[in-house]
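Each chain, letter by letter, is given below.
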Amino acid sequence: MSGTDHDSQAPWGGAQPTVVLIAPQMGENIGSAARAMWNFELQRMRLVTPRDGWPNPAAVATASGASRVLDHVRVFDSTADALGDMDYVFATTARSRDLTKPVMTPERAMEHTRAMIAQGKQVGIMFGPERAGLENVDIAQANALISVPVNPGFASLNLAQCVLLVAYEWRRQSGEDAPEVVEMAGTEFASQVEVEKLYEHFVQRLDVAKFFYPDHKADSMRLNLRNMLSRLPMTKADIQTFHGMLRQFVRWKERGD
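Residues numbered from 1 in each chain as written. Predicted model: local features only at pLDDT ≥ 70, side-chain atom pairs only at ≥ 80, totals over all residues. Heavy atoms only, no water.

Caption draft 1: Just the packing of helix H1 (residues 27-39) against helix H7 (residues 159-172), in detail. The contact between H1 and H7 brings their axes to 8 Å, and the two run at 15 degrees. Judged on the interaxial angle alone, H7 and H1 are roughly parallel. Remark: the crossing between H1 and H7 carries right-handed chirality. Every residue of H7 that contacts H1 at Asn 29, Ser 32, Ala 33, Ala 36, Met 37 and Asn 39 is listed here: Leu 159, Ala 160, Val 163, Leu 164 and Ala 167. Grouping the amino acids of the contact of H1 with H7 by side-chain chemistry returns 8 nonpolar, 3 polar and no charged. (Axes fitted to C-alpha atoms, helices over the stretch in contact; angles between N-to-C directions. Helix = DSSP H or I, 4+ residues; strand = E, 2+ residues; numbered from the N terminus. Parallel < 35°, antiparallel > 145°, perpendicular 65-115°, else oblique. Left-handed = near helix turned anticlockwise from the far one by under 90°. Contact = heavy atoms within 4.5 Å. Nonpolar A, V, L, I, M, F, W, Y, C, P; charged D, E, K, R; others polar.)

Caption draft 2: Summary view of helix H9 (residues 215-231). The end-to-end C-alpha distance of H9 is 25 Å, a good match for the 24 Å that 17 residues give at a rise of 1.5 Å each. The set of residues buried in H9 consists of Ala 218, Leu 225 and Leu 229. Along the long axis of H9, the arc covered by the buried residues comes to 30 degrees, so they all point the same way. Turned more than 90 degrees from where H9 packs its buried face, His 216, Asp 219, Leu 223, Asn 224 and Arg 231 sit exposed. Those residues of H9 that are buried lie in contact with helix H8 (192-208). (Expected span 1.5 Å × (residues − 1). Buried < 20%, exposed > 50% of the residue type's maximum accessible area, 1.4 Å probe, protein only. Arc of directions from axis to C-beta.)

Caption draft 3: Structural context of the sheet that holds strand S5 (residues 103-104). On the basis of which strands lie adjacent, the open sheet formed by 7 strands has the order S3-S2-S1-S6-S4-S7-S5 and parallel pairing. Edge positions in the sheet fall to strand S3 (74-76) and S5, since each has one partner strand and no second. For strand S4 (residues 88-92) and strand S6 (residues 123-127), the ladder comprises 4 bridges, and the chain directions are parallel. The partner of Ala 91 across the bridge, within S6, is Met 126. Together, strand S1 (18-22) and strand S2 (45-48) form the strand contacts of H1, whose direction differs from that of S2 by roughly 155 degrees. (Pairing = 2+ DSSP bridges.)

Caption draft 4: Spatial organisation of H1. Compared with an ideal rise of 1.5 Å per residue, which puts 13 residues at 18 Å, H1 spans 18 Å between its outermost C-alpha atoms and is within 8% of the ideal. What H1 keeps buried is the set Gly 27, Ile 30, Gly 31, Ala 33, Ala 34, Ala 36 and Met 37. Where H1 is buried, its residues contact S1, S2, helix H2 (57-63), helix H3 (67-71) and H7. One or two residues past the end of H1 sits Glu 41, with phi positive at roughly 65 degrees.

Caption draft 5: Looking closely at the pairing of S6. For S6, a buried count of 5 out of 5 residues is recorded, marking the element as mostly surrounded by other parts of the structure. In this sheet, S6 lies alongside S1 in parallel orientation, the contact comprising 4 bridges. Bridge pairing in S6 links Thr 18 to Gly 124.

Caption draft 6: Region of interest: the pattern of salt bridges. A complete count under the given rule lists 10 salt bridges for this structure. Taking the shortest distance from any N to any O, the salt bridge between Glu 41 and Arg 171 comes out at 3.3 Å. In this pair, Glu 41 sits in the loop between H1 and S2 while Arg 171 sits in helix H7, placing the two residues 130 residues apart along the sequence. Residues Asp 52 and Arg 51 are paired through a salt bridge, measuring 3.2 Å at the closest nitrogen-oxygen approach. You can call Asp 52 partly exposed: its relative accessible area is 43%. Via salt bridges that share partners, Glu 107, Glu 169 and Arg 172 belong to a single interconnected network. (Salt bridge = Lys/Arg side-chain N within 4 Å of Asp/Glu carboxyl O.)

Caption draft 7: Structural view of the packing of helix H5 (residues 106-118) against H7. At their nearest, the axes of H5 and H7 sit 9 Å apart, and the two run at 55 degrees to each other. The orientation of H5 with respect to H7, classified from their angle, is oblique. When you trace H5 past H7, the crossing you get is right-handed. Packed against H5, whose contacting residues are Pro 106, Glu 107, Met 110, Thr 113, Arg 114 and Ile 117, the element H7 presents Val 166, Glu 169, Trp 170, Arg 171 and Arg 172 at the interface.

Caption draft 8: Focus on the confidence of the model for the chain. Considering every residue of the chain, the mean pLDDT works out to 85; 87% of them sit at 70 or more. Per-residue pLDDT stays below 50 along residues 8-13; that stretch engages in 10 contacts with residues further than four places along the chain or on separate chains. (pLDDT = per-residue confidence, 0-100.)

Caption draft 9: Just the nonpolar core, in detail. Residues Leu 21, Met 45, Leu 70, Phe 90, Phe 127 and Val 163 are the most contacted members of the largest nonpolar core, which totals 35 residues. A per-element tally of this core places H7 first, with 6 residues. Among all residues touching Phe 90, those that are not within four sequence positions of it are Met 104, Ala 109, His 112, Thr 113, Met 116, Val 123, Gly 124, Ile 125, Met 126, Ala 142, Ala 144 and Ile 146. The next biggest cluster of nonpolar side chains, apart from the first, holds 14 residues, and it includes Phe 76, Ala 82, Leu 83 and Val 89. (Core = buried A, V, L, I, M, F, W, Y, C linked by side-chain atoms within 4.5 Å.)

Laid out in structure tokens, this is it:
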């Protein structure tokens, strides 16, 4: 075994699961997995019997800006050794297995992982070799499986893709990122008063244009206009643009163009 004595000695940014790559084959794939991890702030990586040995220059070159993950890699001679200090272990697999275990989506698995880590537990996530995935002898040492809901006719994911999916779900579970944001581009949302003033301007111009016709429908047409303007997530810049358009209509009419 090589590397630091314990993962916690490396400069981690808080408690997190450990990615365990079982018998990875190409250094480039290890480096790509490291990049996928660091994209989502995961840094703990362990390797079990990497085919081309360790350290691996190809892994470092491929990792690029994520080399900090590889700086603290720990290498083990067996799966049992790599998982020895874990309280709970997931095994990723694309195929059904003749083993009785809970099977979770990446989303559910990372929810479970966050809950356990919050209790101070160590959680590992195993990923198998690129060509065939994990063997049953490795999967048997896991507490649960992670199965990605992919196309059943083409279920093959490369190592880095699989790591990326799980790492993304880990990061998403933090709840720090809003599901939707609006880039305001130097403006801000309009106030209720500003929207009401715009509505009044529309009504004024449309009355002149005799838009609210026939008379018995005029009230409902005004109500629909008010509802439409209130429903739109308008910015102050949007309001100013509409006012400018309405004023220009009047100028155009007065010129008689």
